[in-house]
Amino acid sequence: MLIIPFHIWFLCTIVCAEICTDNDRLNLKAISSPSSPPYCKEMKRSDIEKHFATKTPYRAIANFDDEPREYKGCQPTRIWCIIRHGTRYPSKGVIERAKNTLRSLKKHILSNSKVNLCSKHIEILKDWHFNVGTEEEKFLVAEGEDELIELAERLQNRFPRLLPINYDPSIYYFKYTATQRTFESAKSFATGLFGRHQIGQIIYPKALHKDPVLRD
């Protein structure tokens, strides 16, 4: 029987940009000459996403080797997994601080005539808005859903005989704590195993906020 508890550890992905200051002049790594407008230097997400320490997106460092596992003389019979929830929004306090700081930074950049940004990036910044509300604190985000779906797919590819693609309550047992992020993570993991058409069939035990197995 496969037991999949979703422990409620905190994880959030923060998108960072390097901003250098020199005598109150902002320089966002644009390239220009004194007689020409700044040249737009594009930075790929993949160039920076592996360097966010604990905020690094899982897909940037995941083990994508999902070849079936074979061990001579051994036959896998059971898998137990304790899996934390996927990427989520931060707490109310962090959301508020991020909103105020980023809005202030946007205003400062756009009002500074000496900002060394190309016109394309200026227009992108003008259209940018902070759209995360405090009512969404610690909710699972789309990135987190994808993490659990893909994790389940890789695990199933490694152990195809142990993890059948059709849900059977006598084979699978899922358990999560009583939060939105863990429930949505459990559903996303199940989606990776069975597809969206089967997740409505899955039986879950009653979720507890203080689960003696999943959370001390």
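Look above for the structure.
Everything numeric in this text was worked out from a predicted model, so none of it was measured.

Reading the values: rules and limits
Residues numbered from 1 in each chain as written. Predicted model: local features only at pLDDT ≥ 70, side-chain atom pairs only at ≥ 80, totals over all residues. Heavy atoms only, no water. Helix = DSSP H or I, 4+ residues; strand = E, 2+ residues; numbered from the N terminus. Buried < 20%, exposed > 50% of the residue type's maximum accessible area, 1.4 Å probe, protein only. Contact = heavy atoms within 4.5 Å. Axes fitted to C-alpha atoms, helices over the stretch in contact; angles between N-to-C directions. Parallel < 35°, antiparallel > 145°, perpendicular 65-115°, else oblique. Left-handed = near helix turned anticlockwise from the far one by under 90°. Nonpolar A, V, L, I, M, F, W, Y, C, P; charged D, E, K, R; others polar. Patch = residues over 30% accessible without salt bridge, like charges linked within 9 Å, V, L, I, M, F, W, Y side chains within 5 Å. Areas by Shrake-Rupley, 256 points an atom, 1.4 Å probe, with all protein chains shown as cover. Salt bridge = Lys/Arg side-chain N within 4 Å of Asp/Glu carboxyl O. Lys, Arg positive; Asp, Glu negative; His and termini not counted. Charge placed at Lys NZ, Arg CZ, Asp CG, Glu CD. Expected span 1.5 Å × (residues − 1).

1. Looking at the environment of arginine 196
Right, so step 1: Along the chain, arginine 196 falls in the segment after α6 (180-194).
Right, so step 2: Residue classification places arginine 196 among the exposed residues on the basis of a relative accessible area of 61%.
Right, so step 3: Setting aside residues up to four positions removed in sequence, arginine 196 forms contacts with Ile149 and Thr191.

2. Some points on the packing of helix α3 (residues 92-110) against helix α4 (residues 119-127)
Right, so step 1: The geometry of α3 relative to α4 is characterised by a closest axis approach of 10 Å and an angle of 140 degrees between their N-to-C directions. Between α3 and α4, the crossing angle belongs to the class labelled oblique. Considering only the axes of α3 and α4, their crossing is left-handed. Contacts between α3 and α4 pair Lys106, Ile109 and Leu110 from the former with Ile122, Leu125 and Lys126 from the latter.
Right, so step 2: Taken together, the residues of the contact of α3 with α4 break down into four nonpolar, no polar and two charged.

3. Here's the deal with a negative patch on the surface
Right, so step 1: On the surface, Glu145, Asp146, Glu150 and Glu153 cluster together to form a negatively charged patch.
Right, so step 2: Note that aspartate 146 resides in helix α5 (residues 142-158).
Right, so step 3: Exposure remark for aspartate 146: the relative accessible area of 40% places this residue in the partly exposed category.

4. Quick look at α5
Right, so step 1: Here α5 is 17 residues long and its end C-alpha atoms lie 25 Å apart, about the 24 Å a rise of 1.5 Å per residue gives.
Right, so step 2: Of all the residues in α5, the buried ones are Gly144, Glu147, Leu148, Ile149, Leu151, Ala152, Arg154, Leu155, Gln156 and Arg158.

5. A look at the pattern of salt bridges
Close approach of charged atoms allows side chains of opposite charge to pair.
Right, so step 1: Counting across every chain of the model gives nine salt bridges.
Right, so step 2: The residue glutamate 49 makes a salt bridge to arginine 59 at a minimum N-O spacing of 2.7 Å. Here glutamate 49, found in the loop between α1 (45-48) and α2 (58-61), pairs with arginine 59, found in helix α2; they are 10 residues apart in sequence, far enough to count as distant.
Right, so step 3: Given a relative accessible area of 8%, glutamate 49 falls into the buried group.
Right, so step 4: Of the charged contacts, one joins glutamate 143 and arginine 59 as a salt bridge, the two residues approaching to 2.6 Å between their closest N and O atoms. Of this pair, glutamate 143 sits in helix α5 while arginine 59 sits in helix α2, and the two are 84 residues apart along the sequence.
Right, so step 5: Linked by salt bridges that have partners in common, Arg45, Glu49, Arg59 and Glu143 make up one network.

6. Topic: α6
Side chains that are three or four residues apart share a direction in an α-helix, a result of its 3.6 residues per turn.
Right, so step 1: The terminal C-alpha atoms of α6 lie 21 Å apart, and with 15 residues this matches the ideal 21 Å at 1.5 Å per residue to within 8%.
Right, so step 2: For α6, the tally of buried residues reaches 12 of 15 residues, placing the bulk of the element in the interior.
Right, so step 3: Among the residues making up α6, those that are buried are Arg181, Thr182, Glu184, Ser185, Ala186, Ser188, Phe189, Ala190, Thr191, Gly192, Leu193 and Phe194.
Right, so step 4: Glycine 195 occupies a position one or two residues after α6 and carries a positive phi of about 90 degrees.

Nothing here speaks to function; it is geometry throughout.
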